[in-house]
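Fold and geometry: a report
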Amino acid sequence: MKRLHFWILVSIVAISGFSQGMLLPLISIIFEQDGVSATLNGLNATALYIGILIISPFMEPPLRKFGYKPIIVTGGLIVVIALAFFPLWKSFWFWFFLRLCIGIGDNALHFGTQTWITSVTPKAQRGRNISIYGLFFGIGFAVGPLMTPLMKYNEALPFIVSAALCFIAWLLLFFLHNDFPEQAVELTSFRDTAGRFGRTLKYSWVALLPPLGYGFLEASLNGSFPIYALRIGIDVTSVSILLASFAFGGIIFQLPLGIISDKYGRKIIIKLLLLLGSFSFFVASFLENTTLGLTICLFIAGMLVGSTFSMGISFMTDLTPKSLLPTGNILCGIAFSIGSLLGPYLGGVFIQFLSGVSYFIIIGLMLLLIFFIIVIFTRTPKSFY
């Protein structure tokens, strides 16, 4: 892959991260101020990930038939149009539908870029390149919540800014030359696709746990935490700073951790990050009364677990035959979506019915659970690697 093509791909991913990072806290805060319950608020946030799940089983055949570029261009266009439609009508179910469309578009965009990058990157540079990919998404995601205070001037302004930036990035895609993934066999039916899903899971199921955990973490932190924060007296501006601090922590360590994982192995680094990350969220549960302390703690948490999604993709690529990489990338997206679906909804239920318990406890427990699963299933000779 040419250097220019690589940087165009990671740039479009950064804009996608920006739109996602903005939408989750922005809509959560808007609905909270309008009196929508925490459970319904969390349900609306799951729409994006429902869209990802709906389209995932159908992504691989068109990618193999038409190549990477048409898939990415189509996904980017869907995102731009959906963002532009948000200010037209403020309605719970209309916004649910738009977020679902963004999930479909984002999945096409990320599936195309992830598969393209992982397919052409040599193993010795895989962690570095996927980390750059995750780094740019993280930068966009970190800047996104900072747009939330713009709603004080006009509620439609953040949506308009995001749509405009996504459109500019989308135009860059036309500088790309199309390419196709490696073809081992022709996909002729949905049954063939299902069979490839099964074979890919046999190789790399454990590598899907970090993306699942990161999906839960990201969606619950950006979709449900703003509701919890407002209810314990943290103002909107501080919420955006807290979310940005976590994202910036992930940005700073994204590339170094990718390089370290190339040297020492993905499995050991992932386990270490999950353990320390869960501990950092447990510590955060004791610091809710001090914004500075909470900001520092979330920054450290971001440093530790902010790269688990990209680390999981690299781990999957290490374990999966090259001809199955498109399927592996789909499964990473599905795992991320399942975690993201669980995050806001369970977070809303948690806030509504367990008001006396810190919200950070549920995140810490989730990371600790994934750590133990990986430890148990990767220490015996019966594991797949």
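Since the model is a prediction, treat every value here as computed from it, not as a measurement. (Residues numbered from 1 in each chain as written. Predicted model: local features only at pLDDT ≥ 70, side-chain atom pairs only at ≥ 80, totals over all residues. Heavy atoms only, no water.)

With that out of the way, let us pick up a nonpolar patch on the surface. Among the surface-exposed residues, Leu77, Ile81, Phe85, Leu88 and Trp89 lie close enough to one another that they form a single nonpolar patch of about 520 Å² accessible area. Locating Leu88 in the fold gives a position in the loop between α5 (68-85) and α6 (92-120). (Patch = residues over 30% accessible without salt bridge, like charges linked within 9 Å, V, L, I, M, F, W, Y side chains within 5 Å. Areas by Shrake-Rupley, 256 points an atom, 1.4 Å probe, with all protein chains shown as cover. Salt bridge = Lys/Arg side-chain N within 4 Å of Asp/Glu carboxyl O. Helix = DSSP H or I, 4+ residues; strand = E, 2+ residues; numbered from the N terminus.)

Next up on the list: the packing of aromatic side chains. Scanning the model with the defined rule gives 24 aromatic pairs in all. For the pair Tyr214 and Phe309, a centre-to-centre distance of 6.4 Å together with 35° between the ring planes defines the contact as tilted. Taken together, the positions of Tyr214 in helix α10 (residues 209-223) and Phe309 in helix α15 (residues 308-319) put the pair 95 residues apart, joining distant regions of the chain. For the residue pair Tyr214 and Phe309, the accessibility class agrees, reading buried in each case. Ring-pair connections join several aromatic residues into one group, and the members of that group are Phe31, Phe86, Phe92, Trp93, Trp95, Phe96 and Phe159. (Phe/Tyr/Trp six-rings, centres within 6.5 Å; stacked < 30°, edge-to-face > 60°. Buried < 20%, exposed > 50% of the residue type's maximum accessible area, 1.4 Å probe, protein only.)

So, about empty space enclosed by the protein. A full pass over the atoms with the stated rule returns two cavities of 30 Å³ or more. Considering only enclosed or pocket space, the largest cavity measures out at about 380 Å³ in volume. Considering the residues around the largest cavity, the lining is formed by 30 residues, among which Phe137, Tyr214, Glu218, Phe309 and Phe336 are closest to the centre. Elements with a contribution of two residues or more to the lining of the largest cavity: α6, α7 (123-143), α10, α12 (236-264), α15 and α16 (325-353). When residues of the lining of the largest cavity are assigned to their parent elements, the largest contribution, six residues, is made by α12. A per-class count over the lining of the largest cavity returns 14 nonpolar, 14 polar and two charged. Approximately 50 Å³ is the volume found for the second largest cavity. Taken together, Ile12, Ile15, Ser16, Gly76, Val79, Val80, Leu109, Cys166 and Trp170 make up the lining of the second largest cavity. (1 Å grid on protein atoms, 1.4 Å probe; cavity = no way out; pocket = protein on both sides within 12 Å on 5 of 7 lines; lining within 4 Å. Points joined across faces, edges and corners; volume = space filled by probe spheres on them. Nonpolar A, V, L, I, M, F, W, Y, C, P; charged D, E, K, R; others polar.)

It is the contact of helix α1 (residues 3-33) with helix α2 (residues 38-45), at a shortest axis distance of 10 Å, that shows an interaxial angle of 150°. Taken as axis vectors, α1 and α2 run roughly antiparallel relative to one another. Relative to α2, α1 is oriented so that their crossing is right-handed. For the pair α1 and α2, contact is made by Leu24, Ile27, Ser28, Phe31 and Glu32 and by Asn41, Asn44 and Ala45, respectively. (Axes fitted to C-alpha atoms, helices over the stretch in contact; angles between N-to-C directions. Parallel < 35°, antiparallel > 145°, perpendicular 65-115°, else oblique. Left-handed = near helix turned anticlockwise from the far one by under 90°. Contact = heavy atoms within 4.5 Å.)

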